[in-house]
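Breakdown of the fold
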Amino acid sequence: LFQLFTVVLLMMVCLFSIYVGAAEQADTPDLFTPCKDSSLFSDEQFLENAVGGGPLPDGIPPAENPIYESVASAGTWLQERDPVFVVESQEGVRLYPQPIMVYHEIVNSRFNGRSGSLTYCPLVGVAVGYYTDFNETDTTFGTSGKLVNNNLIMYDRHTGSYWPQILGEAITGPLRSTLKLEAFP
């Protein structure tokens, strides 16, 4: 029994050594190399890891130019402890209740006098606002129905390019690797 244990232990050490040696020679990060820079991954790697999230494009319908209501009016259905996302802009302070953002995931509206999209991915719990007036074009974003690492992949309706929400850069289409979206606070 002791000999069997010794042989198994030696095999595990050898396999671990082979794995560590191979990982050190690999061009891509592994479990032993924490990723601190998204530039370590190519657009192809993001795209290879994209999976269908269930719905078809815009199967989760973005809110288009929503009508806002007062806090007093929202108080009839919004509870005191309901989570909200706050955007302060020249249009005023706006609250986006999490349940509405879960249903829409994207709100296309105006922020600081510019076209923009407030995006929310309920699977990872991240909200990010991006201006959508770039390259002399005003566009809006829609939900692609795809995910990368459980994160929302949006598409712009002008070119159809795919944009992982957390990255803010196009990984497909004519805008691929050409610009980074400008986030708004």
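So, here's what we can say about the structure. (Residues numbered from 1 in each chain as written. Predicted model: local features only at pLDDT ≥ 70, side-chain atom pairs only at ≥ 80, totals over all residues. Heavy atoms only, no water.)

**Notes on the overall build of the protein chain**
On a plain count of helices and strands, the protein chain comes out with 4 helices and 13 strands. Buried residues in the protein chain amount to 35% of all 185 residues. Across the protein chain, contacts joining residues at least 24 apart in sequence account for 45% of those joining residues at least 6 apart. Surface exposure of the protein chain reaches about 11,400 Å², of which carbon and sulfur atoms provide 59%. (Helix = DSSP H or I, 4+ residues; strand = E, 2+ residues; numbered from the N terminus. Buried < 20%, exposed > 50% of the residue type's maximum accessible area, 1.4 Å probe, protein only. Contact = heavy atoms within 4.5 Å. Areas by Shrake-Rupley, 256 points an atom, 1.4 Å probe, with all protein chains shown as cover.)

**Some remarks on unusual backbone geometry**
Its identity is not glycine, yet E105 carries a phi of approximately 65°, on the positive side. Relative to the helices and strands, E105 is located in the loop between α4 (98-104) and β5 (106-111). Even without being a glycine, N149 presents a positive backbone phi close to 50°. Residue position: N149 is located in the loop between β10 (141-148) and β11 (151-156).

**Some words on the environment of I67**
Looking at the secondary structure, you find I67 in the loop between β2 (63-64) and α3 (71-74). When the C-alpha positions of I67 and S109 are compared, they lie 9.7 Å apart, and in sequence the two are 42 residues distant.

**Points about the pattern of salt bridges**
Proximity of charged atoms lets side chains of opposite charge pair with each other. Under the criterion given, the structure shown has 5 salt bridges. The shortest N-O distance in the salt bridge between E64 and R157 comes to 2.6 Å. With a gap of 93 residues between them, E64 in strand β2 and R157 in the loop between β11 and β12 (162-164) connect regions that are remote in the sequence. Looking at E64, the relative accessible area reads 38%, which means it is partly exposed. Between R114 and D133 there is a salt bridge, with its nearest N and O atoms 2.9 Å apart. (Salt bridge = Lys/Arg side-chain N within 4 Å of Asp/Glu carboxyl O.)

**A word on the sheet that holds β5**
The strand order β2-β5-β6-β7-β13 describes an open sheet built from 5 strands, whose pairing is mixed. Strands at the two margins of the open sheet, each flanked by one partner only, are β2 and β13 (183-184). Sheet topology note: the strand β7 (residues 126-131)/β13 ladder contains 2 bridges and is antiparallel. By the bridge assignment for β13, G129 is matched with F184. (Pairing = 2+ DSSP bridges.)

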